[in-house]
Amino acid sequence: QVQLVESGGGLVQPGGSLRLSCAASGTIFSINAMAWYRQAPRKQRELVAGITSGGSRTYADSVKGRFTISRDNAKNTVYLQMDSLKPEDTAVYYCNADVSGPLTTSGYRKTYAYWGQGTQVTVSS
């Protein structure tokens, strides 16, 4: 019952910038960690950046200093600001979120991982 919808992808020239957004909706009690992954052609999906509910951030070495992950807990939304883009950043970017659902009759909450549909980022001159 939870959906993640990404937006903000597109075509940009090297050195340009894009801002990705991912909004979670549905039956949500809270969202724990949120992250951005990417998958380039013929490559494995890799973690780009992650952020906890408390605001702790982690980045792949390849994007440190260029990308910034942030979140708006009130809007259940995570962002990825991408600056100084390079052709090697070209990939489909996927949003990931660990979501806690409503309290069960047994007195605990279940947590599930959800994925967005992906948004294409192409960096080319």
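Located above this text is the structure these notes cover.
Bear in mind that the values here come from a model prediction, so they are computed numbers and not experimental data.

The rules we used
- The residue count restarts for each chain, going from 1 along the sequence in the order it is written.
- Selection of residues for local features in this predicted model requires a pLDDT of at least 70, selection of side-chain atom pairs for listing and counting requires 80 or more, and totals for whole chains, interfaces and linings are taken over all residues.
- Side-chain numbers come from the whole structure's heavy atoms, not from hydrogens or water.
- Runs of H or I in DSSP of at least four residues are treated as helices and runs of E of at least two as strands, each being numbered from the N terminus.
- Radius of gyration here uses only the C-alpha atoms, and the compact-globule reference equals 2.2 Å multiplied by the residue count raised to the power 0.38.
- Whether two residues are in contact is decided by their heavy atoms, any of which lying within 4.5 Å being enough.
- Note on areas: Shrake-Rupley, 1.4 Å probe, and residue coverage restricted to the protein chains presented here.
- This count recognises Lys and Arg as positive and Asp and Glu as negative, with His and chain-terminal groups excluded.
- Where a charge lies is defined by one atom per residue type, namely NZ (Lys), CZ (Arg), CG (Asp) and CD (Glu).
- The criterion is simple. A nonpolar core is a set of buried Ala, Val, Leu, Ile, Met, Phe, Trp, Tyr and Cys residues joined through side-chain atoms within 4.5 Å.
- Classification of residues uses two cut-offs on accessible area relative to the type maximum, computed with a 1.4 Å probe and protein chains only: under 20% is buried, over 50% is exposed, and between them is partly exposed.
- Disulfide assignment relies on a single distance test, namely cysteine sulfur atoms paired within 2.5 Å.
- Strand pairing follows a simple DSSP-based rule, namely that at least 2 bridges must link the two strands.
- Fitted lines through C-alpha atoms give the axes, limited to the stretch in contact for helices. The angle between two N-to-C directions lies from 0 to 180 degrees.

Caption draft 1: Just the overall build of the protein chain, in detail. When you go through the protein chain residue by residue, the secondary structure sums to zero helices and eleven strands. Tracing the protein chain from N to C terminus, the helices and strands come up as β-β-β-β-β-β-β-β-β-β-β. Against the globule reference of 14 Å for 125 residues, the protein chain gives a C-alpha radius of gyration of 15 Å, in line with a compact fold. For the protein chain, the spread of C-alpha atoms along the three principal axes comes to 55 × 25 × 25 Å. A separation of at least 24 residues holds for 56% of the contacts in the protein chain among residues at least 6 apart in sequence. Surface accessibility of the protein chain: about 6,800 Å² in total, with carbon and sulfur atoms responsible for 47%. Positive and negative side-chain charges of the protein chain, numbering 13 and 8 respectively, have mean locations separated by a distance of 4 Å.

Caption draft 2: Representation of the nonpolar core. Counting 29 residues, the largest nonpolar core has Trp36, Val48, Phe67, Val78, Leu80, Met82 and Tyr93 as the members making the most contacts within it. Those elements that place two or more of their residues in this core are strand S1 (2–7), strand S3 (18–26), strand S4 (30–39), strand S5 (46–51), strand S7 (67–72), strand S8 (77–82), strand S9 (91–103) and strand S11 (119–123). Examining the composition of this core, we find that five residues originate from one element, S9, more than from any other.

Caption draft 3: Highlighting unusual backbone geometry. The phi angle at Arg42 is positive, at roughly 60°, despite the residue not being glycine. Inspection of the secondary structure puts Arg42 in the loop between S4 and S5. Its identity is not glycine, yet Ser84 carries a phi of approximately 50°, on the positive side. When you line up the elements, Ser84 lands in the loop between S8 and S9.

Caption draft 4: Structural context of the state of the cysteines. This structure, assessed with the given rule, holds one disulfide. The disulfide partner of Cys22 is Cys95, and the S-S distance across this bridge is 2.1 Å. Residues Cys22 and Cys95 share a disulfide whose torsion about the S-S bond is about -85°; that sign makes it left-handed. Pair noted here: Cys22 is in strand S3 and Cys95 is in strand S9, with a separation of 73 residues, a long-range link. The buried category is assigned to Cys22, whose relative accessible area is 0%. What makes Cys95 buried here is its relative accessible area of 0%.

Caption draft 5: Quick peek at the sheet that holds S8. If you trace the four strands from one edge of the open sheet to the other, you get S1-S3-S8-S7, paired in antiparallel fashion. On the outer flanks of this sheet lie S1 and S7, each paired with one strand and no other. When strand polarity is set aside, the average angle formed by the axes of neighbouring strands in this sheet is 15°. Alignment of S3 against S8, held across six bridges, turns out to be antiparallel. Considered in S8, the bridge of Ser21 is made with Tyr79.

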